[in-house]
Amino acid sequence: MRWALAGLAAAAAALALPQPAAAEGPEAAGVVIVGIPGLSWADIDEGATPNLWALADEGASAAMSVRTLGSWTCPEAGWVSLGAGERAGGVAARDAQCSAQSALEAPADTGSGWTVEGWDAFIEANSAFNYGARLGSLADALAEAAQAQQEAAAAAAADGEPAPEPNPGSCVAGIGDGAALAAADTEGRIAYWAPGLDALPEAMAACDVVIVDPGVVVGDADDRAPDTTTDYDQLGEDDTEVGTDATSPVEDAGAITPDADPVREAAARAADAAVGQVREALPEDWRLIVAGVADAAAPSSLHPVLYTGPGIAPGELTSSTTGRDGYVQLTDLTATALAVVGADIPAAVAGSPVAVRPDPGHTAAAAVARGVDETAASAANAAVSPNFYWTLSFTGVAVMLAAAYYLTGPDRLRRTVRTLLIAFSTVPVAGLAAGIPPWWRTDHPKLAFWGLIVAGAAILTAAVSLPWTRRGARPVLIVAGACAALIAVDQISGATWPLHTPMGYTAQAGARFTGLGNYAFSVFAAAIILLVCFIPWRGRTRVWGPLAIGACAVVIVGAPMLGRDMGGTLTLVAAGILCCLKLWGRRLSLGSLALAGGLAFTVFAVGGVLDYLRPEEDQTHLGRFVGSVLDGSAQLILIRKARAALGTVDESMAFISFAALVAAVIVWRRRAPIRTTPVAAAVTGLTTVAVIGGLVNDSGMAIPGFTAALAFGLLAVAVGPRRDQPAPAPAPPATRAPAAT
């Protein structure tokens, strides 16, 4: 047991290894944020939009997820979220064309300032969601900074010391109707507002943060996208995981014709002209951010962010909320604005200040090409994901029952069923590998994706069907080893495979940009359990081997620079401990369960606290969760994740989970007990992964679903079919007594 504790201690220490911190740029006198709903990378053209092209050339850029509370973000929700620094929703109906949420009203002039009419309706609408958005956090943070400056000046004057001069511009100004929603404080009041860009110099003189809505939504003409009925759904209930049925763009509104039309081109030119006007009025010591702050219509997409000004070198942007160069989130703009002017970032702001990764070879052409490619990859991934999940699930139902037949049925078709079980188990592995080649760049992305899945599964199935690989547990070790190796290489190398496959995540969903997604974790954990149980350990390696594999797996799942998976770390430690205890011949008891749970929580807590103690810009969501526990907002996170998990009960991967349960009951009733230590350990570990993983992750039923997809068939192959009982010997013929004479 001391070796197990030593391995866990090493894993916990590795979870806290620091990441390289991004260099901070110099402070600027102020920042202007120009929001252009619907702006895409494809709209940025050297001839049609020269100002946007120049910004892309001279500054830093990134692709931005604008995901807020629903599957797509209309302008009203985008502006409100920018002011809140958290995912928030609008009050108008969210239709597929965003018509209602694009028709924004100007704030009311009260004589002493401006106020957003109907602000209470925004507060009430967002109180129903579990993101805890505090509308107006941006303006309130600057107001608090101004108050702190005044108090510091008063205290200095009272002590007879030189009083620092308070900054009169510690406020947010808005220009345009949408900007009023972002510039309002928690009461709906606006420090300065004007309807047009002619007032920009006056706005910059009044406030250090100026938000501009040029009044342009860059979108296609109405006849280029299908019209759908108004969407009155609960905006936060479909935010569970990448590419789930509820977040499918096909289910939401259908596909929008991708080619630009004159309406879109005219809107892009108008937006570019507004950006040019801002650039001309911008002082040299101010920074400028231009961003597509919302979608123009469904489905959602990635949007460009262009950042220039003093201290901003050409290159890519990133933030600690994404952890991946070239990607940021809408809420990061809120934190960035506060950081530029030196204001404290309140806990209510979920985003983090963006950091620049300088690139001496940066050009506008390269930045735009990269952004267009990232947008296409994300959209293509979202398009193929629902079909992949449903195909995997429905096929999996039959395969789970086939596994029960293989283990308990007669000899007929056993070889065919065995091949079927192995082939199905290779599909998740093929799904992981499908992200390596750029399939989304082909003329027929869906066909290319499915071709990769079929080819990958066929190659791996053939590899384990050779005379020297098909014996015993070798197919299990090869498939599980390939799965674990793919994920380990991806996490260690920092590759982008998970961004471009349904087994990972899509950037436009804004759920995860790096690390280990819930689906990939499920198959990775299942692969680790199978490897630990079925590798033929000898002597002392029976202890050291499982410990080494388990410790490395925990590091890959939970380390801040690798998997960053909070729930996965907790799950894998508990599953690994119970699996090893069973493998070492220990009898599981309530004490064993308590030990596994206690050590898992300890590793989780130690890793989280150490991550929290790092600089805020370097923290992962694990450290930020610890911060939410300390500030009292963790309850909202837990409630949101619980609701998301419960919402997966009727989604695609739930069917394979239920089928696996039914198949397990059939096997148990017809063949149990299976008295082999590796099999018992594997069943223990896999069950723990499925149960605990499904409870602590917001993907819910998808965790046991993907665990079964990889492991159930392989476990059946490792166990092998039941040997048919020999037919009873015929009874000897009865002998007749001799007849009496």
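A. Representation of the packing of helix α12 (residues 364-408) against helix α22 (residues 652-671) in the model. At a closest axis distance of 8 Å, the pairing of α12 and α22 adopts a crossing angle of 5 degrees. Between α12 and α22, the angle is such that the two are roughly parallel. Between α12 and α22, the residues in contact are Y389, W390, L392, S393, G396, V397, M400, A404, L407 and T408 and S652, M653, F655, I656, A659, A660, A663, I666, V667, R670 and R671, respectively. When grouped by side-chain class, the residues that make up the contact of α12 with α22 number 15 nonpolar, four polar and two charged.

B. Quick look at the side chain of T318. Residue position: T318 is located in strand β11 (residues 315-318). In this view, T318 contacts G323, R324, D325, G326, Y327, V328, P353, V354, A355 and R357; residues no more than four positions away in its chain are not counted.

C. Summary view of the nonpolar core. With 96 residues, the main nonpolar core has M400, L421, F524, F706 and L710 as its most contacted residues. Apart from the residues lying within four places of it in its own chain, the contact partners of F524 are C483, A484, I487, L516, A553, I556 and V557. V66, A145, V293 and V305 belong to the second-largest nonpolar core, a separate cluster that totals 52 residues.

D. Structural context of the sheet that holds strand β3 (residues 108-109). If you walk across this open sheet you meet the three strands as β3-β4-β6, and the pairing is antiparallel. Unpaired on one side and paired on the other, β3 and β6 (189-190) mark the two borders of the sheet. Pairing between strand β4 (residues 114-115) and β6: two bridges, direction antiparallel. Bridging from a neighbouring strand, W114 pairs with I190 of β6.

E. Seen up close, α12. If you check α12, its first and last C-alpha atoms are 63 Å apart, about what 45 residues at 1.5 Å a residue would give, namely 66 Å. At V384, α12 shows its maximal bend, which comes to roughly 30 degrees, and the proline P386 appears one to four places after that position.

F. Summary view of helix α23 (residues 677-696). Between its terminal C-alpha atoms α23 stretches 28 Å, which fits the 28 Å expected from 20 residues at 1.5 Å a residue. Every buried residue belonging to α23 is among V679, A681, A682, T684, G685, L686, T688, V689, A690, G693 and G694, and all of these are buried.

G. Examining unusual backbone geometry more closely. In this structure, P299 follows A298 across a cis peptide bond, with omega equal to 0 degrees. Inspection of the secondary structure puts P299 in the loop between β9 (286-291) and β10 (302-308). Positive phi outside glycine occurs at C98, with the angle close to 55 degrees. Following the sequence through the fold, C98 ends up in the loop between α3 (75-84) and α4 (99-102). A residue is classified by how much of its surface remains accessible, and C98, at 0% relative accessible area, is buried.

H. Inspection of the state of the cysteines at higher detail. This structure, assessed with the given rule, holds two disulfides. The disulfide partner of C74 is C98, and the gap between their sulfur atoms is 2.1 Å. Its S-S torsion of approximately -75 degrees makes the covalent link between C74 and C98 left-handed. Here C98 lies in the loop between α3 and α4 and C74 lies in the loop between β2 (60-65) and α3, a separation of 24 residues in the sequence. Each member of the pair C74 and C98 is classed as buried. One disulfide in the model links C171 with C207; its S-S distance is 2.0 Å. On the S-S bond that ties C171 to C207, the torsion sits near -100 degrees, and the link is left-handed. Within this pair, whereas C171 is found in the loop between α6 (137-158) and β5 (172-175), its partner C207 is found in the loop between α8 (200-206) and β8 (209-212), the two being separated by 36 residues in sequence. With a relative accessible area of 15%, C171 lands in the buried category. On the basis of relative accessibility, which here comes to 0%, the residue C207 falls in the buried class.

Reading guide: rules and limits
Residues numbered from 1 in each chain as written. Predicted model: local features only at pLDDT ≥ 70, side-chain atom pairs only at ≥ 80, totals over all residues. Heavy atoms only, no water. Axes fitted to C-alpha atoms, helices over the stretch in contact; angles between N-to-C directions. Helix = DSSP H or I, 4+ residues; strand = E, 2+ residues; numbered from the N terminus. Parallel < 35°, antiparallel > 145°, perpendicular 65-115°, else oblique. Contact = heavy atoms within 4.5 Å. Nonpolar A, V, L, I, M, F, W, Y, C, P; charged D, E, K, R; others polar. Core = buried A, V, L, I, M, F, W, Y, C linked by side-chain atoms within 4.5 Å. Buried < 20%, exposed > 50% of the residue type's maximum accessible area, 1.4 Å probe, protein only. Pairing = 2+ DSSP bridges. Expected span 1.5 Å × (residues − 1). Bend = angle between axes of the 7 residues up to and from the residue. Disulfide = S-S within 2.5 Å.

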